[in-house]
Amino acid sequence: MKIEIKKLIKKVLGKILKIEIFSKTTQNIKTITKWIKTLPKSLDVGILFGGDRLNCITHFVVAKIFWKIVGIVTIAREGENKSGIPTIIAIYVKKEWRRKGIGTKLFHQTIEYMIKEKMVPIEITVFTTPVSKIIDALDDNKKKFIIVKVPVKHKKLRQIIEEEIFKLYKTV
């Protein structure tokens, strides 16, 4: 019964979920900033949207349900700190909408868009296991464009994480 309800929810979400891609404009920044202010004050939100992170963003990929933003992916065409490597800066889905496939759909459409627009290779810093799983679910033709970074300062822990990521992606 529980599985059938989950399938029904995903099916309905598939019909009402709309993914839109916007370039950075003053109006879009105002809209996104207003939405960010509705998010809970947390370390995640601070890391993803704090400081000057919005300054390097060139595109927003937004998930909407009934005209309300429920998730976002932000892209920096020139990379963070003008590295020259197109970068996905943030992936965020509102808590009440998580685990329904929205983040996966957002991410996959973002990757497709970036490949189509020749924003490759695509760099992404992975902070969470769900994002690792979303990347892992990509087909190999898309995975080959992704550079995964892990933000760990402790040398031994970083080595362990990098070895695990290597195991995960060595088939690519």
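The model shown is predicted, which means the values in this text are computed figures rather than measured ones.

This part covers unusual backbone geometry. Residues apart from glycine generally show negative phi values, whereas peptide bonds are mostly found in trans. With an omega of -5°, the peptide bond between Val 120 and Pro 121 qualifies as cis. Inspection of the secondary structure assignment puts Pro 121 in the loop between α4 (102-116) and β5 (122-125). Even without glycine at this site, Asn 81 takes up a positive phi of about 55°. In this structure, Asn 81 sits in the loop between β3 (68-76) and β4 (87-93). For Asn 81, a relative accessible area of 72% translates into the label exposed. One non-glycine residue, Lys 118, adopts positive backbone phi at about 60°. Mapped onto the elements, Lys 118 comes out in the loop between α4 and β5.

Attention shifts here to the side chain of His 59. Counting through the fold element by element, His 59 comes out in strand β2 (residues 59-65). The exposure class of His 59 is buried, given its relative accessible area of 6%. One polar contact links His 59 to Thr 58, side chain to side chain, over a distance of 2.8 Å. At a separation of 3.4 Å, a polar atom in the side chain of His 59 contacts the side chain of Tyr 113. Residues within four places of His 59 in sequence aside, it is in contact with Phe 22, Ser 23, Val 73, Thr 74, Ile 75, Arg 77, Tyr 113 and Met 119.

Glancing now at the environment of Pro 86. Along the chain, the position of Pro 86 falls in the loop between β3 and β4. The buried category is assigned to Pro 86, whose relative accessible area is 6%. Through-space distance from the C-alpha of Pro 86 to that of Ile 146 is 9.9 Å; in sequence the pair is 60 residues apart. Setting aside anything within four residues of it in sequence, one finds Pro 86 in contact with Ala 76, Arg 77, Gly 79, Met 114, Met 119, Val 120, Pro 121, Ile 122 and Glu 123.

Before going further, it helps to examine the nonpolar core. In terms of nonpolar packing, the biggest core is built from 26 residues, with Ile 88, Ile 102, Leu 106, Phe 107 and Ile 124 touching the most fellow members. Ranked by residue count, the leading element in this core is α4, at six residues. If sequence neighbours within four positions are ignored, Leu 106 has contacts with Ile 19, Val 61, Val 62, Ala 63, Gly 71, Ile 72, Val 73 and Val 93. Grouped together as the second largest cluster of nonpolar side chains are 18 residues, Leu 54, Val 62, Ile 89 and Ala 90 included.

Parameters and conventions
Residues numbered from 1 in each chain as written. Predicted model: local features only at pLDDT ≥ 70, side-chain atom pairs only at ≥ 80, totals over all residues. Heavy atoms only, no water. Helix = DSSP H or I, 4+ residues; strand = E, 2+ residues; numbered from the N terminus. Buried < 20%, exposed > 50% of the residue type's maximum accessible area, 1.4 Å probe, protein only. Polar contact = N/O pair within 3.5 Å; in protein donor to acceptor, adjacent residues only side chain to side chain. Contact = heavy atoms within 4.5 Å. Core = buried A, V, L, I, M, F, W, Y, C linked by side-chain atoms within 4.5 Å.

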